[in-house]
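Next come the chains, spelled out residue by residue.
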Amino acid sequence: MIQFYSTLSGKKEQLKPLKAQNISLYVCGITPYDNAHIGHGRVFVTFDLLYRLLTFIGYHVNYCRNVTDIDDKLLTKAQKEFGDPLRYHEVAQRYTASFNRDMKALNCATPTHEPLVTQNMPEIITFIQELIAKNKAYKVNGDVYYRIAQFPAYGKLSKQKLDELRAGARVQINEEKEDPLDFALWKSEKENTFWHSPWGWGRPGWHIECSALAKKYLAEQIDMHGGGADLTFPHHENEIAQTEGLTEKRFAQLWLHCAFVNVNKEKMSKSLGNFFTLNDTFGEFDPMTIRYYYLTHYYRTPLDFSFDDIKSAQKAYQKICHYFSDVAPQQFDLASLKKIDAIVRMLSFLEDDLNSPGMFGVLFTFMQEKHDAQTKAAMKYFIREVLGLTLEPLPEKLVTITPEIQQLLDEREQARKAKDFKRADDIREQLRIMGVDLHDKKM
Ligand SMILES: [Zn+2]
């Protein structure tokens, strides 16, 4: 049985695809106004694992991850950098490119669709028009708001009551909303800027894009919706209100949320200024070490980020790479992999809400046992395909070859030629103590 914890029901639920052997998966992407941080990395590696797993066990996965390439944050950055908010697309292009480099380094597979908000404006405008026609949204002076009073289920995902939410809502003085919880679908802007709509010039609010893009690229009803835990409220709550308000059908069957990355027990975020970009960590560690580090933690538990832990993760990952380094890559089909007990057990951990830490337990036990070359090759294939770990040996740290080291290297070479392996091993040990790790090519 394949099951995942869904935030909506608050429990693990069996995966029951709406269309046999097909899975539609929507994951909220980035707002490209800065470099992606390690919290982003965790979210997208988690959903990459999900995508790889479902594909591996035979589903056809339609995976959509949007790019919010128009947003207040982009306008602010463009104003700061160029003195012109309308140059926001230059900001978006730069950070989308940087994000794509990070994803490639982390070996995250490319989603089926990566739509940009700015390239899907007709669908967004139509979606809003349909909500207005159904009385679920209303216009005020060129802005359009969602009418929460028309969606009594609001709060069901984040388990909050409407009146409590109302009490906590803040209304800005220039807003003319019917209800403090109503949120913007369209924001009016000066003439001849951004996009033209039936309500005049303007640009979309943040939430509407995901409803419109999921409908366009996937379906009105989808199997799985994912994102970072910080998106549960209000973003995902608003997505539900928009889509279910329009279709009057359940939007996503399962809602998956990846927990925060904390630094010194505080939630890491750009707004708190306590964050590391992925690129910062790639300067110190191989991206595969970072991917491995994420995967050794259960995605629903907050991760306390620490460089010491990454160092230990690096050692463990290196061990795995070394273990498989003498195995040539080969292709296997699912049926033959399922004959290997350890792989079956690893799969069942992953199929139980992506329990990757439990799965690594099985792998380390496997590595302590004796296996034939074919079994090792099968395991290597499984790790590369499903976990997305390339198992390429990590580059060894460079050592300055001092005359003393060189002398030992020469001596050892002679011992090897003379087949005095005892002496060669002794010298290797001497070098190891001096911080020089030797890896011999086969003679
Ligand atoms: Zn979204």
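Conventions used here
- Residues numbered from 1 in each chain as written.
- Predicted model: local features only at pLDDT ≥ 70, side-chain atom pairs only at ≥ 80, totals over all residues.
- Helix = DSSP H or I, 4+ residues; strand = E, 2+ residues; numbered from the N terminus.
- Contact = placed C-beta atoms within 7 Å.
- Axes fitted to C-alpha atoms, helices over the stretch in contact; angles between N-to-C directions.
- Parallel < 35°, antiparallel > 145°, perpendicular 65-115°, else oblique.
- Left-handed = near helix turned anticlockwise from the far one by under 90°.
- Nonpolar A, V, L, I, M, F, W, Y, C, P; charged D, E, K, R; others polar.
- Pairing = 2+ DSSP bridges.
- Core = buried A, V, L, I, M, F, W, Y, C linked by C-beta atoms within 7 Å.
- Buried ≥ 20, exposed ≤ 12 C-beta atoms within 10 Å, placed from the backbone.
- Domains from an automatic or database assignment.

K.L.:
Help me get a handle on the environment of alanine 184, residues and values and all.
P.N.:
Mapped onto the fold, alanine 184 is located in strand β7 (residues 184–188). For the pair formed by alanine 184 and valine 144, sequence separation is 40 residues and the distance between their alpha carbons is 5.9 Å. Ignoring any residue separated from it by four or fewer positions in sequence, one finds alanine 184 in contact with Asp143, Tyr145 and Gly205.

K.L.:
An account of the packing of helix α6 (residues 208–217) against helix α7 (residues 232–247) is needed here, citing residue identities and associated values.
P.N.:
α7 packs onto α6 with a crossing angle of 50° between their chain directions and a minimal axis gap of 8 Å. Looking at the two axes, α6 sits oblique to α7. Considering the relative orientation of α6 and α7, their crossing is right-handed. Contacts from Ile208, Cys210, Ser211 and Lys215 of α6 reach α7 at Glu239, Gln242 and Thr243. Of the residues in the contact of α6 with α7, the class split is two nonpolar, three polar and two charged.

K.L.:
Break down the sheet that holds strand β11 (residues 252–258) for me, citing the residues and quoting the values.
P.N.:
The strand order across the open sheet formed by four strands is β4-β3-β10-β11, and the pairing between neighbours is parallel. Each edge of the sheet is formed by a strand with only one pairing partner; in this case those strands are β4 (60–65) and β11. Taken over all neighbouring pairs, the strand axes of this sheet differ in orientation by 20° on average, direction set aside. Both strand β10 (residues 222–228) and β11 contribute to a ladder of six bridges, which runs parallel. Across the sheet, residue histidine 225 finds its bridge partner in β11, namely tryptophan 255.

K.L.:
Go over the pairing of strand β2 (residues 11–14) with me, naming the residues and quoting the values.
P.N.:
Across four bridges, the pairing between strand β1 (residues 3–6) and β2 is antiparallel. Counted as the bridge partner of phenylalanine 4 is glutamate 13 from β2.

K.L.:
Go over the nonpolar core, please, and point to the residues and values.
P.N.:
It is characteristic of soluble globular proteins that their nonpolar side chains tend to be buried jointly. Residues Leu25, Leu74, Ile128, Tyr146, Leu185 and Ala214 are the most contacted members of the largest nonpolar core, which totals 106 residues. Here this core gets ten residues from one element, more than from any other, and that element is helix α1 (residues 38–56). Looking at which domains feed residues into this core, each of domain 1 (3–258) and domain 2 (266–387) gives three or more.

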